[in-house]
Amino acid sequence: MKTGKNATLQFNDSLNNPKGNRKETLYFCFATMTGIFLRLAYVLRIPYYVNQHDAGDFTSGHIGYICYLLEHGGKLPDFNPTTVWSFYHPPLHHYLAAFFAKINVLCGADLEQALESVQLLTAFYGVCILLVSYLLLKKFNLSGFALLLPYTLLCVHPSLIMLSGSINNDGLCLLLTLLTAYSAILWYEKPVLKRICILALLFAATMLTKMSGLLLAPAAGCLFLIKLLQNKKEWKSMLMQFLAFGLLCIPLSLSFSIRNLILWHVNPFFTLSLGDYMYTGNDLAERIFLLQKEQFASPFVIYNVTLDNMLAVDRNIIVYLLKTSLFGDKFFLSADSPYIGIAWGLHAVNLLLILIAFPCMLAVLVKTAASVIKERNLTFHIKELFLFFLYGCSMGSFFMFCFKYPNACSQDFRYINLTLFINMIFLGVFLQYTDKSRPIGKILKSTLVILSSLFTVFTVILFLNCSRI
């Protein structure tokens, strides 16, 4: 891939530029090192079985999946994968994790130590996510404050720090999704066979990690169609590229699903149903608009635990999203913890940042739409429209999922963590074209500096001092 090469070239260009760019490069290095430090500190302190999603044990869940591949020399299960928790997921991440664990076993580690080491692999995913996000930000010609503020927030965002220690397939899926989006933009800028083949392989790898990678398909399809319409005279060349994409991508991305369909008649989009476990109810008004004081009794997700079930108190999707966007659904502090105030403070700062960033994204959307209508030309706004479409697909799919499976865990922010990156990119775009010499520009910049500083400080305090993040 050219991603690493592109990052190196942009880094070297910044080093060779004087004054402002050199400061930008130094700040980029500082923010990146802070992000790496927080991720390593997290994975070194938190055991591989703590704060996980669907981790299971040695025989089921994502841990069991990795152990199975490790013990059977990489052979896929010879039974219906839907009969064992989490074995129905595509296997790419689990193969990589099993291979990484095997290396540690060969070096003398026992099984527990080998599984613990898998968190170093997922931390590597987390660092790569930061670097790819930087490349995406640069693709929108951002510089200075408009580049560094969004990037800093991504470096210290709690959900991404916790993702670095998650041994399920979420981290690799997000990394490959971002790489696929970046690759799609590169192909659009220069539509050659080599680039579309790279795009096809990345897309396939995403779907071999998690079936939710399919959400990239509508946005990529629109990108293909627009480029075809723009290059009508070269339609044969375009169609040959699309054919190459299909021949590479479709068989690879669907290979695991087709295997399960042929052998065990498993629906390619099989999702485990939890029944009434963590049930939220399915009333539209209640799950979108109803706010109750019980939901704000804790900065963390609240459940009503009974003898045979665990019902969600946080039935409101938006409230649940806000809580899990910072702490997931596994992080709990006691009510008398000295850090509970910091957790509430982080929530307050996060909410204020959202109330700024989301309208900024909408403003960019309105401006982009107005420009397209006025110019009657999509050419100069394809990147923005591509990400907006991807954002819409992610959010639309998420809400459909929440109401199809009315369980608390379906509302988790981890299912839409891609939208965080899109929102940060458009916050940067808005800041790039805001006149900072005007009073409103100065106020906006000062406010964001204060909020991002508080966000960083609160995150560092919590993640370096709390034992059950």
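So, how was this worked out
- Residues numbered from 1 in each chain as written.
- Predicted model: local features only at pLDDT ≥ 70, side-chain atom pairs only at ≥ 80, totals over all residues.
- Heavy atoms only, no water.
- Phe/Tyr/Trp six-rings, centres within 6.5 Å; stacked < 30°, edge-to-face > 60°.
- Helix = DSSP H or I, 4+ residues; strand = E, 2+ residues; numbered from the N terminus.
- Buried < 20%, exposed > 50% of the residue type's maximum accessible area, 1.4 Å probe, protein only.
- Axes fitted to C-alpha atoms, helices over the stretch in contact; angles between N-to-C directions.
- Parallel < 35°, antiparallel > 145°, perpendicular 65-115°, else oblique.
- Left-handed = near helix turned anticlockwise from the far one by under 90°.
- Contact = heavy atoms within 4.5 Å.
- Nonpolar A, V, L, I, M, F, W, Y, C, P; charged D, E, K, R; others polar.
- Core = buried A, V, L, I, M, F, W, Y, C linked by side-chain atoms within 4.5 Å.
- Expected span 1.5 Å × (residues − 1).
- Arc of directions from axis to C-beta.
- 1 Å grid on protein atoms, 1.4 Å probe; cavity = no way out; pocket = protein on both sides within 12 Å on 5 of 7 lines; lining within 4 Å.
- Points joined across faces, edges and corners; volume = space filled by probe spheres on them.
- Salt bridge = Lys/Arg side-chain N within 4 Å of Asp/Glu carboxyl O.

Draft legend 1. View of the packing of aromatic side chains. Within this structure, the stated rule accounts for 21 aromatic pairs. Aromatic pair Phe224 and Phe242: ring centres 5.0 Å apart, planes at 20 degrees, arrangement stacked. Placement of the pair is Phe224 in helix 10 (residues 216-230) and Phe242 in helix 11 (residues 235-264), with a sequence separation of 18 residues. Given a relative accessible area of 11%, Phe224 falls into the buried group.

Draft legend 2. Quick peek at unusual backbone geometry. Non-glycine residue Asn51 carries a positive phi angle of around 60 degrees. The residue Ser86 is not glycine, and still its phi comes out positive at about 75 degrees. With respect to the helices, strands and loops of the structure, Ser86 is situated in the loop between helix 3 (61-71) and helix 4 (92-106).

Draft legend 3. Looking closely at the packing of helix 6 (residues 145-156) against helix 17 (residues 439-465). The N-to-C vectors of helix 6 and helix 17 enclose an angle of 20 degrees; their axes lie 10 Å apart at closest approach. In terms of axis orientation, helix 6 runs roughly parallel to helix 17. Crossing angle aside, the handedness with which helix 6 passes helix 17 is left-handed. Residues Phe145, Leu149, Thr152, Leu153 and Val156 of helix 6 form the contact with helix 17, whose participating residues are Lys445, Leu448, Val449, Ser452, Phe455, Thr456 and Thr459. Looking at the contact of helix 6 with helix 17 residue by residue, the class counts come to 7 nonpolar, 4 polar and 1 charged.

Draft legend 4. How the structure looks around the nonpolar core. Core analysis: the biggest nonpolar cluster contains 130 residues, and Leu448 and Leu462 have the highest contact counts within it. Counting residues in each nonpolar core, the second largest holds 6 residues, with Val301, Tyr303, Tyr320 and Ala408 among its members.

Draft legend 5. Quick look at helix 10. In this model, helix 10 (15 residues) spans 21 Å end to end at C-alpha, consistent with the 21 Å of a helix rising 1.5 Å per residue. Buried within helix 10 are the following residues: Leu216, Ala219, Ala220, Leu223, Phe224 and Lys227. Summarising the axial view, the buried residues of helix 10 lie within an arc of 140 degrees, below the 170-degree limit, and thus occupy one face. Tucked inside the fold, the buried residues of helix 10 contact helix 8 (170-189), helix 9 (193-207), helix 11 and helix 15 (382-404).

Draft legend 6. Layout of empty space enclosed by the protein. Under the criterion given, the structure shown has 3 cavities of 30 Å³ or more. Taken as a whole, the largest cavity spans an internal volume of roughly 210 Å³. In terms of lining residues, the largest cavity is bounded by 17 residues, among which His53, Ser159, Met162, Leu163 and Arg414 are the most central. Breaking the lining of the largest cavity down by element, the ones donating at least two residues are helix 7 (158-163) and helix 13 (317-327).

Draft legend 7. Quick look at the layout of surface pockets. The calculated volume of the second largest pocket comes to roughly 890 Å³. Lining the second largest pocket we find 37 residues, and of these Ile318, Leu322, Ser325, Asn350 and Ile354 sit closest to its centre. Elements that contribute at least two residues to the lining of the second largest pocket include exactly helix 13, helix 14 (340-375), helix 15 and helix 16 (417-432). Per element, the largest residue contribution to the lining of the second largest pocket is 11 residues, and it comes from helix 14. Counted by class, the lining of the second largest pocket contains 27 nonpolar, 9 polar and 1 charged residues.

Draft legend 8. Representation of the pattern of salt bridges in the model. Using the criterion set out here, one finds 6 salt bridges in the structure. Of the charged contacts in the structure, one is a salt bridge between Lys138 and Glu24, with a shortest N-O distance of 3.7 Å. On the criterion of sequence distance, the pair formed by Lys138 in helix 5 (residues 111-139) and Glu24 in helix 2 (residues 20-45) is long-range, its members being 114 residues apart. Here Lys210 and Asp170 are joined by a salt bridge, their closest N and O atoms 2.4 Å apart. Here Lys210 is found in the loop between helix 9 and helix 10, whereas its partner Asp170 is found in helix 8, with 40 residues between them in sequence. Given the relative accessible area of 4%, Asp170 is considered buried.

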